[in-house]
Amino acid sequence: MIHIARSVLISGVVFLLSACASTFSGQVSSFHEWQPQMAKIYVVERAPDQENNPEYKVYEEQLRKQLGLSGFQEADAQHPAVMKVSMAYASNFAELQVSSMHPALYDPIWRLHFRRGLYYGPYWYPYPSLYPSDLSVKRSYLHQLELRFSDVQSNKRLADIKVSTEQLNPAISLFMPDLLALAMQDFPQPNGSTKVIELQKATKEVK
């Protein structure tokens, strides 16, 4: 009976961990003057520095796929474009988290000194020396995506969608399909809104 209960417990933990690992969340901000009756026929507009950028072209194909899933149609000879869609993206170092089980870092007096780097105290320092191997360092990166929708004829801005997420992996390419999915979730979100949205991951991160 104990073995059965243990197996059930382990299975439940594995299921919860897999469920957590299969979701992706980010902050989505939406600003628009969208009309519900507007035809969703688009053409992708590239910035000059995106014309010969192989990385951008991969993301552009992912954008087209996500727009199709969201009910948009790419313009052709029979269906002229009503709007232009452009995209911009960036990744930046966000935060450095340092943790350790070294006792000095939990002392309210001595941890003030460690904020300025490794500190080797005087003879009355009560703890063993702190070495780099005693520290656990985690870096997080802020990945950002912006989609812009504009009227083809007047060039009037129709919608700006901005998405950001913090991840431990610095490669935005691993998260671009997920960022696009967040941007187009229930498009358009209420005008002026900023919310955290969580979806099932579209890609599997390679570690």
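Right above here is the structure, for reference.
*Asks:* Quick question: what am I supposed to make of the overall build of the protein here?
*Replies:* A tally of helices and strands in the protein yields four helices and seven strands. In sequence order, the protein lays out its α and β elements as α-β-β-α-β-β-α-β-β-α-β. Considering only residue pairs separated by 6 or more positions, the protein has 74% of its internal contacts joining residues 24 or more positions apart. Entry remark: accessible area of the protein is about 13,300 Å², with carbon and sulfur atoms responsible for 56%.

*Asks:* It is not clear to me how unusual backbone geometry should be interpreted in this structure. Could you clarify?
*Replies:* Negative phi values dominate among residues other than glycine, just as trans dominates among peptide bonds. The linkage connecting F187 with the following residue, P188, adopts the cis geometry, with an omega of -10 degrees. Following the sequence through the fold, P188 ends up in the loop between α4 (176–183) and β7 (193–200). Look at N155: it is not a glycine, yet its phi comes out positive at around 65 degrees. When you line up the elements, N155 lands in the loop between β5 (136–151) and β6 (157–167). Located in the positive-phi region is D186, a residue other than glycine, with phi close to 50 degrees. Mapped onto the fold, D186 is located in the loop between α4 and β7. On the basis of relative accessible area, D186 is assigned to the exposed category, the value being 56%.

Cut-off values and rules
Residues numbered from 1 in each chain as written. Predicted model: local features only at pLDDT ≥ 70, side-chain atom pairs only at ≥ 80, totals over all residues. Heavy atoms only, no water. Helix = DSSP H or I, 4+ residues; strand = E, 2+ residues; numbered from the N terminus. Contact = heavy atoms within 4.5 Å. Areas by Shrake-Rupley, 256 points an atom, 1.4 Å probe, with all protein chains shown as cover. Buried < 20%, exposed > 50% of the residue type's maximum accessible area, 1.4 Å probe, protein only.

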